[in-house]
Amino acid sequence: MPKTEAELFAFLADLGISVSTVRHPPLYTVADSQSLRGEIPGGHTKNLFLKDKKDNFFLVSVGEEAVVDLKQIHTIIGAAGRVSFGKPEMLMELLGVIPGAVTVFGLINDSERRVKVVLDQDLMAHATVNAHPLTNEATTSIASADLIRFAEATGHDAAILKVSA
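Predicted model only: the values in this text are computed from it and were never measured. (Residues numbered from 1 in each chain as written. Predicted model: local features only at pLDDT ≥ 70, side-chain atom pairs only at ≥ 80, totals over all residues. Heavy atoms only, no water.)

## Concerning the overall build of the chain
So, point 1. Broken down by element type, the chain carries 6 helices and 8 strands.
So, point 2. The secondary structure elements of the chain, listed N-terminal to C-terminal, are α-β-α-β-β-α-β-α-β-α-β-β-α-β.
So, point 3. Summarising its shape, the C-alpha atoms of the chain cover approximately 40 × 30 × 25 Å along the three principal directions.
So, point 4. Out of the 165 residues belonging to the chain, those deemed buried represent 48%.
So, point 5. Looking at the chain alone, contacts between residues at least 24 apart form 67% of all its contacts between residues at least 6 apart.
So, point 6. Looking at the chain as shown, the accessible area adds up to about 8,000 Å², and 53% of this sits on carbon and sulfur atoms. (Helix = DSSP H or I, 4+ residues; strand = E, 2+ residues; numbered from the N terminus. Buried < 20%, exposed > 50% of the residue type's maximum accessible area, 1.4 Å probe, protein only. Contact = heavy atoms within 4.5 Å. Areas by Shrake-Rupley, 256 points an atom, 1.4 Å probe, with all protein chains shown as cover.)

In structure tokens:
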């Protein structure tokens, strides 16, 4: 069973990581997020769950306005050839979330460390990063340095790369 939002928050608290969360109606797209979330300072994420031809999986988090060249991203993230979007079944199996709720916090569910996490350099330039806490009915704000600590605590090395155009 995937971890719950409450388990995520307990995990963060155990790490001494302070976050704040705002509840809102379900948000499925960046446009939904921009119109419904209100004024939450910091960088807001757009997340891509990708797979390459060798069934390597990648979670790429970029800023909500970022433009990503899906025909070239494989050269940046170290994929084996071109990438495509991962299937919803694998998204649930590996990160414990559904399409529309993809989030870097899903790493808490990747206990086998099958997903490589890539954080865009421009996103990480923000002091605060905002992401869904395993549900698209809330937005959680976390310090960018603490986001890296979270990823490392789940056993993932967060690669910070220039992914956006």
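Having seen the structure, we can now continue with the description.
## Observations regarding the packing of aromatic side chains
So, point 1. This model, assessed by the stated rule, comprises 3 aromatic pairs.
So, point 2. Ring geometry for Phe49 against Phe57: centres 5.5 Å apart, planes inclined by 10°, an arrangement best described as stacked. One exposure class covers both Phe49 and Phe57, and it is buried.
So, point 3. With a centroid separation of 5.4 Å and 70° between ring planes, the pair formed by Phe105 and Phe150 is classed as edge-to-face. Here Phe105, found in the loop between helix 4 (88-95) and strand 5 (115-120), pairs with Phe150, found in helix 6 (residues 144-153); they are 45 residues apart in sequence, far enough to count as distant. Across this residue pair, the class does not change: Phe105 and Phe150 are buried.
So, point 4. An aromatic cluster of three or more residues is present, and its members are Phe11, Phe105 and Phe150. (Phe/Tyr/Trp six-rings, centres within 6.5 Å; stacked < 30°, edge-to-face > 60°.)

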